[in-house]
Amino acid sequence: MPYTASPLFIKGARVWNPDGDIHLPAVRDVLVAGTDIVSVTAPEESAIPPGAEVIDGRGKLLLPGFVNAHYHSYDALQKGLLEDMPFDVWALHSQPAYFGTRSKAELRARTLVGAIECLKHGITTVQDMSTLVPQDEEVLDTILAAYEEVGLRVVFSIAVRDQAALDIAPFLPADMPADVAALIAGSARDPVADLAFVEAQLRRLPATSRRHWALSASGPQRASRQLLEGVADLAARHRLPLTTHVYESKAQTAKAREIYGEQGGSMIRYMDEVGLLHGRTTIAHGVWLLPDEIDILAERGAGVAHNPISNLKLKNGIAPIRRLKAAGVNLALGCDNCSCSDCQSMFQAMKMFCLLASGTDPDPVGLHAADAIAAATLGGAYALKLENVVGAIVPGMRADLVLVDLTDIAFLPLNSVARQLVFSETGRAVQTVIVDGRVVLRGGKLTTLDEAAFAGELAEVMEAFHVDFAAAAVRNAPAIPYLLAATHRLAGQDVGLDRYLPGLHAG
Ligand SMILES: [Zn+2]
């Protein structure tokens, strides 16, 4: 029992069970010992073990902690700094390679900002697809230490790419000045060295109770075949989940049509060919998947991490969630970068999961609140190969649990826990959060960190950050008209499908 001196006895909460009454879940007592859920019992059948700490669950909902299946911690300090930017303009302002080396204090602060926001929204597991700048052990250790300190479960992946340039580069105007082209191009990397670094970290830092590994190519179009095959090989040899961005934007789709000619212009067929598509693969976004590509995903057992808020904020269109669900593809939910969703809230993501399809289809679409909750819990766990570890309140699984106050106005009157959790709750009613058997949030306050002291730390690093961000904005300004021209040209290009709402362009 690494965290609790005594067992936890959560008494009398309504306990979420997707196979039970989702509108008025049954009242149960839940016993936690060490890191695990030991029992879930009806009140008349349970007894408080001697020495247990009793947590009063009456009037509350006990949920499995949410799994944020797609996120990047590197730009958490950019929350609220950007808006109304198409994907590639945003990328120029947010990608860590454009900001160079950051201080250890800043690395720690930015990791904590995102992690704290996760915990306060009932997220107990996050998949952080991180780009390390510079790619060294000190940067990695600083980030992982922050997760360890705050107590959030992390599935960490080091995003690798060896090809320079924004996704939209092939569509930029030919008359672009050389200095602008150089700014957009970035620099290429050595795939052999990057793969060796990732594998060295897997060996140096074995998984712990709350820290897990995944593997990530940033995106197939940003990597050589050698790098992608290397990532697939690492995933196979270390039995790790694999996650990569796929078809997030129309530019990526148009580029796929150009560079994957042998695979009929299909990024999915290309991934299949290089061994990146299997039951441990989850693609992030998948907005521009074609119907037959969805069928391939389903056949291979690969899943999708849906990021509805960032897809909208970056003007990438609407993902085919109804079709993915119908095909039987595992669906997880992510909140994505803080610079393009501005909030690590599964409540926002779940609500949008249900509502977006209504913008494309006037009929009932069969995407209900319970489906959103499933994607935010077990779907995420499955995507990260933690389906036997987290995502459900079942004896033997880790105690990653969230108590939600059902007397909050979001739940008054209480008509349906499932629907009010998705459509009414904002995160305000999240009171207690337990990760790996340890209470990390109590009464809405962190137990692992002094929040006032952290606010001071954060204010200190923001001085230098704001100076550098402003300088980057000045540096980027000359590139924006060219990027917008490329985006505008792409809008008229036929890529075989459309993920924007037809008929609204003129509005
Ligand atoms: Zn992403």
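Keep in mind that what you see is a predicted model, and the values were worked out from it rather than measured.

**Structural notes on the overall build of the chain**
Secondary structure summary: the chain contains 16 helices and 18 strands in total. Relative to the 2.2 N^0.38 estimate, which gives 23 Å for 507 residues, the radius of gyration of the chain is 22 Å and therefore close to what a compact globule would have. Along the first, second and third principal axes, the C-alpha atoms of the chain reach 75 × 50 × 45 Å. Across the 507 residues in the chain, those meeting the buried criterion constitute 59%. Long-range pairs, those at least 24 residues apart, make up 77% of the contacts in the chain with a sequence separation of at least 6. Approximately 19,000 Å² of the chain is accessible, and the part contributed by carbon and sulfur atoms is 55%. When the 44 positive and 58 negative side-chain charges of the chain are each reduced to one mean point, those points stand 3 Å apart.

**Digging into unusual backbone geometry**
Cis geometry marks the peptide bond from Val133 to Pro134, where omega comes out at -10°. Inspection of the secondary structure puts Pro134 in the loop between strand S7 (123–130) and helix H3 (137–150). Cis rather than trans, the peptide bond between Leu412 and Pro413 has omega equal to -10°. Mapped onto the secondary structure, Pro413 falls in the loop between strand S15 (401–405) and helix H14 (417–423). The phi torsion at Asp342 lies on the positive side, around 65°, for a residue other than glycine. By the secondary structure assignment, Asp342 is in the loop between strand S14 (331–333) and helix H12 (346–355).

**A closer look at empty space enclosed by the protein**
A complete count under the given rule lists five cavities of 30 Å³ or more for this structure. Its volume calculated, the largest cavity comes out at about 100 Å³. In terms of lining, the largest cavity is formed by Tyr74, Asp75, Gln78, Ser94, Pro96, Phe99, Gly100, Arg102, Glu106, Arg110, Val133 and Phe465. Residues that form the lining of the largest cavity fall into these classes: five nonpolar, three polar and four charged.

**A word on helix H16 (residues 480–491)**
Its 12 residues place the ends of H16 16 Å apart at the C-alpha level, agreeing with the 16 Å of an ideal helix rising 1.5 Å per residue. Regarding H16, the residues found buried are Leu483, Ala486 and Leu490. Angular distribution of buried residues about the axis of H16 spans 60°; they occupy a single face of the element. Facing away from the buried side of H16 by over 90 degrees, the exposed positions are His488 and Ala491. Buried residues in H16 make contact with helix H1 (87–94), helix H4 (178–185) and helix H7 (250–259).

**Some words on the pattern of salt bridges**
Evaluated as defined, the whole model comprises 31 salt bridges. Taking the shortest distance from any N to any O, the salt bridge between Arg153 and Asp400 comes out at 2.7 Å. One end of the pair, Arg153, is in strand S8 (residues 153–160); the other, Asp400, is in the loop between helix H13 (369–383) and S15, and 247 residues separate them in sequence. A salt bridge links Arg189 to Asp194; the shortest N-O distance between them is 2.9 Å. The buried category is assigned to Asp194, whose relative accessible area is 3%. Overlapping salt bridges bring together Asp36, Arg153, Arg398, Asp400 and Asp436 as one network.

**Focus: the coordination of the zinc ion**
Within the first shell, the zinc ion binds the protein through His70 (NE2), His72 (NE2) and His245 (NE2), at distances of 2.0 to 2.1 Å. Expressed as a motif, the donor residue spacing for the zinc ion is H-x1-H-x172-H. In this pair, His72 sits in the loop between strand S6 (66–71) and H1 while His245 sits in strand S11 (residues 242–246), placing the two residues 173 residues apart along the sequence. We note that His72, like His245, is buried.

**Focus on the domain arrangement of the chain**
Annotation of the chain at the domain level lists domain 1 (8–64 + 395–446) and domain 2 (66–383). Placing a centre on the C-alpha atoms of domain 1 and another on those of domain 2 gives a separation of 30 Å. Taken together, the 26 residues of domain 1 in the interface contact 27 residues of domain 2. Of all residues in domain 1, Val422, Phe423 and Leu446 bury the most surface against domain 2, accounting for 25% of the area lost on that side. Across the domain 1-domain 2 interface, the total number found is two salt bridges. Here domain 1 and domain 2 share seven residue pairs in polar contact (both at pLDDT 80 or more) between them. Only strand S5 (60–64), H14, strand S16 (430–435) and strand S17 (438–442) provide two or more residues apiece to the side of domain 1 that touches domain 2.

So, how was this worked out
- Residues numbered from 1 in each chain as written.
- Predicted model: local features only at pLDDT ≥ 70, side-chain atom pairs only at ≥ 80, totals over all residues.
- Heavy atoms only, no water.
- Helix = DSSP H or I, 4+ residues; strand = E, 2+ residues; numbered from the N terminus.
- Rg over C-alpha atoms; globule rule 2.2 N^0.38 Å.
- Buried < 20%, exposed > 50% of the residue type's maximum accessible area, 1.4 Å probe, protein only.
- Contact = heavy atoms within 4.5 Å.
- Areas by Shrake-Rupley, 256 points an atom, 1.4 Å probe, with all protein chains shown as cover.
- Lys, Arg positive; Asp, Glu negative; His and termini not counted.
- Charge placed at Lys NZ, Arg CZ, Asp CG, Glu CD.
- 1 Å grid on protein atoms, 1.4 Å probe; cavity = no way out; pocket = protein on both sides within 12 Å on 5 of 7 lines; lining within 4 Å.
- Points joined across faces, edges and corners; volume = space filled by probe spheres on them.
- Nonpolar A, V, L, I, M, F, W, Y, C, P; charged D, E, K, R; others polar.
- Expected span 1.5 Å × (residues − 1).
- Arc of directions from axis to C-beta.
- Salt bridge = Lys/Arg side-chain N within 4 Å of Asp/Glu carboxyl O.
- Donors = N, O, S within 2.8 Å, 3.2 Å for Na, K, Ca; no water.
- Domains from an automatic or database assignment.
- Buried area = accessible area lost by both parts, 1.4 Å probe.
- Polar contact = N/O pair within 3.5 Å; in protein donor to acceptor, adjacent residues only side chain to side chain.

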